[in-house]
Amino acid sequence: MASARAAGRAGAAVALALLALLLCAAGDAGCRLLTVADLFDRVIRHSGRIHSLSTALYAELEKHFPPRDNELGKPARKCHTSGMLTPNGKEYAQKIPREELTHLILKLLQAWKEPLSHFNQHIEHHQELPDDSLSKAKQISNMVHELKTGVEKVTEKMQSMGIISNSLNGMASSETADLSISNEANMMSDSDFIHCFRRDSNKVQSYLKILKCRIMPENSC
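The structure presented is a predicted model; accordingly, all values stated were derived computationally and were not measured.

Caption draft 1: Fine view of the overall build of the chain. Helices and strands together make up the secondary structure of the chain, namely 9 helices and 0 strands. N-terminal to C-terminal, the α/β element order of the chain is α-α-α-α-α-α-α-α-α. The buried share of the chain, reckoned over its 221 residues, is 45%. Long-range contacts, defined here as pairs at least 24 residues apart, represent 86% of the contacts in the chain between residues at least 6 apart. When the accessible surface of the chain is summed, it comes to about 11,500 Å², and 53% of that surface belongs to carbon and sulfur atoms.

Caption draft 2: Layout of the packing of helix α5 (residues 98–123) against helix α9 (residues 190–215). Where α5 meets α9, the closest approach of the two axes is 10 Å, and the angle between their N-to-C directions is 155°. Regarding the angle of α5 to α9, the classification is roughly antiparallel. Crossing angle aside, the handedness with which α5 passes α9 is left-handed.

Caption draft 3: Expanded view of the nonpolar core. Residues Phe-40, Ile-105, Phe-119, Met-158 and Leu-208 are the most contacted members of the largest nonpolar core, which totals 49 residues. Elements represented by at least two residues in this core include exactly α3 (36–64), α5, α6 (131–160) and α9. The element contributing the most residues to this core is α5, with 11 residues. Dropping the residues within four chain positions of it, Leu-208 is found in contact with Phe-40, Val-43, Ile-44, Ser-47, Ile-105 and Val-151.

Caption draft 4: Quick peek at the packing of aromatic side chains. Applying the stated criterion to the full structure yields 3 aromatic pairs. Measuring from centroid to centroid gives 5.3 Å for Trp-112 and Phe-197, while their planes differ by 80°, and the two rings are edge-to-face. Of the two residues, Trp-112 is situated in helix α5 and Phe-197 in helix α9; the sequence distance between them amounts to 85 residues. Here the two residues Trp-112 and Phe-197 agree in accessibility, since each one is buried.

Caption draft 5: Region of interest: the state of the cysteines. This structure, assessed with the given rule, holds 1 disulfide. A sulfur-sulfur distance of 2.0 Å marks the disulfide that ties Cys-79 to Cys-196. Every disulfide takes its handedness from the sign of the S-S torsion; for Cys-79 and Cys-196 that torsion is -85°, giving left-handed. Of this pair, Cys-79 sits in the loop between α3 and α4 (90–93) while Cys-196 sits in helix α9, and the two are 117 residues apart along the sequence. Comparing Cys-79 with Cys-196 shows no difference in burial state: the two are buried.

Rules and cut-offs
- Residues numbered from 1 in each chain as written.
- Predicted model: local features only at pLDDT ≥ 70, side-chain atom pairs only at ≥ 80, totals over all residues.
- Heavy atoms only, no water.
- Helix = DSSP H or I, 4+ residues; strand = E, 2+ residues; numbered from the N terminus.
- Buried < 20%, exposed > 50% of the residue type's maximum accessible area, 1.4 Å probe, protein only.
- Contact = heavy atoms within 4.5 Å.
- Areas by Shrake-Rupley, 256 points an atom, 1.4 Å probe, with all protein chains shown as cover.
- Axes fitted to C-alpha atoms, helices over the stretch in contact; angles between N-to-C directions.
- Parallel < 35°, antiparallel > 145°, perpendicular 65-115°, else oblique.
- Left-handed = near helix turned anticlockwise from the far one by under 90°.
- Core = buried A, V, L, I, M, F, W, Y, C linked by side-chain atoms within 4.5 Å.
- Phe/Tyr/Trp six-rings, centres within 6.5 Å; stacked < 30°, edge-to-face > 60°.
- Disulfide = S-S within 2.5 Å.

Structural data, given as structure tokens:
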């Protein structure tokens, strides 16, 4: 457990260093050199790291907790974010207004903050899991919080430049309050939970890439 905590601290330090580069002080000369494209690249890389960690953790959970005989063939539990309307595929996501797509990214991240925190506390009691798995769970929880903060800062930058409107300011964060503490998330098996999170983390990364491309079409993506 001690090595898990040490690994978690090391991972958190790397993530915080990345976040510090993104969220530098307004008066810092280095900040003025960062373009919107630079900021997007940083949150996209951060989201990619989260998705990679969740994929690795899912494989480890499947290995240590294979389905019991009476669970084989049963459909996976419905994800607690399944009620959210999210576009499937690049074609549909490209048709959503920039402000709505930005809001959707923030809603997905908000919806996972509390469940991930509860999951991290719960998984610490699995003595049979290796320290590295516990470390991944801790890193994921921390990094989702950091990514949401980073996306909020990128949003503020886009608003200040007139790239998107300020309509997001009027969207209440309470929309996802009930979603984020959903009993569905807390009742899922560990592997189902991470499976659902991995699916949504992939959506977040895809939507961020699409949003960047729509704002900067010169990238030909």
